[in-house]
Amino acid sequence: ASEHEAMWRELGLDLAAHDQLLQVLGDGYGQIFLSQQERPEGMEYFNFVMSEVHGLRIKELVDGKAEGKKVIGSFCVFVPEEIVVAADATLVGLCTGADFATELVDQVLPRNTCALIKSAFGFKLGKVCPYMESADMIVGENTCDGKKKSYETLGTLVPNLYVMDLPQVKSSEGRALLAAEYERFKQAVEELTGKEITAERLAHGIQVVNAKREALHRLYKLRAADPAPISGLDALLINQVSFYDDPVRFTQSVHKICDELEARIAAGQGVAPQGTPRLLFSGCPMAVPNWKLPWVVESSGAVVVGEESCVGERGTRNLTEPQGQDLASMMDAIVERYWKIDCAVFTPNPDRQEHVKQMAADYKAQGVIHYGLQFCQPYQMEALPLEKNLEAGGLPVLRVDTDYGMEDVEQLKTRVEAFLEML
Ligand code: BJ8
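Residues numbered from 1 in each chain as written. Predicted model: local features only at pLDDT ≥ 70, side-chain atom pairs only at ≥ 80, totals over all residues. Heavy atoms only, no water.

- The protein chain is annotated in an unreviewed UniProt entry as 3-hydroxyacyl-ACP dehydratase from Desulfoferula mesophila.
- Per UniProt, the comment on the protein chain under Sequence similarities (unreviewed entry) is "Belongs to the FldB/FldC dehydratase alpha/beta subunit family." (UniProt positions renumbered as here; feature names shortened; annotations may be inferred.)

Structural data, given as structure tokens:
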């Protein structure tokens, strides 16, 4: 029995189901990650984090709660972490990348709901997510129709749902809505934590979160090298861990691995030989433990060099850069920073196309794999014009629509191999 069993029971987890989940997670991790060749030594830290993702990290959160440190869960990169950190609370990602308790989910959501939404419900209904159970507040956001309508149901399943409204058009009215919603969120966080968010505290929140993003920017840049110094799988994992880990410790660990990657690049070392086909991912977020597509791609003889995704550069591209050190300037900088996120729920959304092109050029990708989750209308709708635009510029695109099931792995492998041959 795990030393954490009492804690899990106290959080209300279904221990038998939870054991089963950890077993599957551990097996999948071993098969997909630990079997990779030439992994950087710095990945040891992330192995450890993953092995303790429901253990030590939850213990840290629970211990923090005993001292009054609140936990806030979110499903979207529009929830400003700066504000949460400013109130000495912890933001954790609740998006999930695996099917669970599917029979229970089918009783509350239509079958044609995307796997990401279903997964969050499966983890709640199956009582296997210690993050969800330890959250003092869960933030839902009005983005795609699937998410915003499903929060009406989620609100009946969790006691502490807070819904954030978001604009869909980048107009001045849209920006004003975002600013008003961030102000309302700031007040809600102050109420939850009992801490007033002063200019000094917010400056600290901005500094901590920017430092995390800058560490990731350093990692992204190093992936431009050929041979690639780190696999796409490991880089994705680091992005995924950024949603759970303590931000300061995470930042240090990313810099540490970057030091190692720099040395590798200087020595001409990589995870795959020079000249290995290089691909860019673009599309829906890949939440932990969704490793299917990069695993298929990298076991087919290619290397993934970037993710145009919210678990990737769409989520971390911009920094919060206040013009002044007063509260109003900082809040305005936060609005400005998130306003630039080019999620497909916005209409129109031309920046995303430019970012995909820019990333492909920066990381010397020879092709783009568009990753759409089945039933995700925003990203599936954008995939077609994006494909046309990129191919007109000479960049081949493979459009993949899939879910979290493993039934299509062989078929995906065949398609990826055929795509690689034509590069
Ligand atoms: S900012 S991408 S994290 S909303 S896959 S649930 S869109 S039907 S996740 Fe997202 Fe925020 Fe946008 Fe990023 Fe809906 Fe599509 Fe499902 Fe999705």
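The structure having been displayed, the exposition proceeds.
A word on the sheet that holds strand S1 (residues 71-74)
- Pairing is parallel across the open sheet formed by 4 strands, whose spatial order is S2-S1-S3-S4. Each edge of the open sheet carries a strand with a single partner, namely strand S2 (90-93) and strand S4 (161-164). Neighbour-to-neighbour, the strand axes of the sheet open up by a mean angle of 30°, direction not taken into account.
- Pairing of S1 with strand S3 (residues 137-141), which is carried by 3 bridges, proceeds in the parallel orientation. In the sheet register, Gly73 faces S3, and the bridge partner there is Ile138.
- This element, helix H10 (residues 172-193), spans S1, S3 and S4 of the sheet and lies at about 160° to S4. (Pairing = 2+ DSSP bridges. Helix = DSSP H or I, 4+ residues; strand = E, 2+ residues; numbered from the N terminus. Axes fitted to C-alpha atoms, helices over the stretch in contact; angles between N-to-C directions. Contact = heavy atoms within 4.5 Å.)

A word on the site of the ligand
- Residues in close proximity to the ligand total 17 residues, the closest being Cys114, Cys144, Cys310, Cys343 and Cys376.
- Under a 2 Å grid-point criterion requiring more than half of the atoms, the pocket assigned to the ligand is the largest cavity.
- Per-class residue counts for the shell around the ligand are 14 nonpolar, 1 polar and 2 charged. (Near = heavy atom within 4 Å. 1 Å grid on protein atoms, 1.4 Å probe; cavity = no way out; pocket = protein on both sides within 12 Å on 5 of 7 lines; lining within 4 Å. Sits in = over half its atoms within 2 Å of the grid points. Nonpolar A, V, L, I, M, F, W, Y, C, P; charged D, E, K, R; others polar.)

Some words on empty space enclosed by the protein
- Per the counting criterion, the structure on display carries 4 cavities of 30 Å³ or more.
- Taken as a whole, the largest cavity encloses approximately 700 Å³ of empty space.
- Lining the largest cavity we find 46 residues, and of these Phe75, Cys76, Val77, Phe243 and Cys310 sit closest to its centre.
- Taken together, the elements giving at least two residues each to the lining of the largest cavity come down to S2, helix H11 (199-222), helix H12 (232-241), helix H15 (313-316), helix H16 (327-339) and helix H18 (377-392). (Points joined across faces, edges and corners; volume = space filled by probe spheres on them.)

Some remarks on the nonpolar core
- Phe78, Phe185, Ile238, Trp291 and Ile369 are the most contacted members of the largest nonpolar core, which has 140 residues in total.
- Sequence-distant contacts of Phe185, that is, excluding residues within four places in its chain, are made with Val79, Pro80, Ile83, Val84, Met137, Val139, Tyr162 and Met164. (Core = buried A, V, L, I, M, F, W, Y, C linked by side-chain atoms within 4.5 Å. Buried < 20%, exposed > 50% of the residue type's maximum accessible area, 1.4 Å probe, protein only.)

Description of unusual backbone geometry
- Along the chain, Asp226 connects to Pro227 via a cis peptide bond; the corresponding omega equals 5°.
- Topologically, Pro227 is positioned in the loop between H11 and H12.
- Note the cis peptide between Thr347 and Pro348, where omega equals -10°.
- For Pro348, the location among the structural elements is in the loop between H16 and helix H17 (350-362).
- At Ala101, a residue that is not glycine, the phi angle is positive and equals roughly 45°.
- Looking at the element boundaries, Ala101 is found in the loop between S2 and helix H6 (102-106).
- With a phi angle near 55°, Lys364 is a residue other than glycine that sits in the positive phi range.
- Secondary-structure assignment places Lys364 in the loop between H17 and strand S7 (367-373).

Here's the deal with the environment of Ala266
- Here Ala266 is to be found in helix H13 (residues 247-266).
- It is 9.9 Å that separates the C-alpha atoms of Ala266 and Ala225, two residues lying 41 residues apart in sequence.

Let's talk about the packing of helix H3 (residues 43-51) against H12
- Two elements in contact, H3 and H12, have axes separated by 11 Å at closest approach and are oriented at 50°. Here H12 runs oblique to H3, going by the angle between their axes. As for the relative orientation of H3 and H12, their crossing is left-handed in sense. Each of Met43, Phe46, Val49 and Met50 in H3 lies in contact with H12, whose residues at this interface are Asp234, Leu237, Ile238 and Val241.
- Taken together, the residues of the contact of H3 with H12 sort by class into 7 nonpolar, no polar and 1 charged. (Parallel < 35°, antiparallel > 145°, perpendicular 65-115°, else oblique. Left-handed = near helix turned anticlockwise from the far one by under 90°.)

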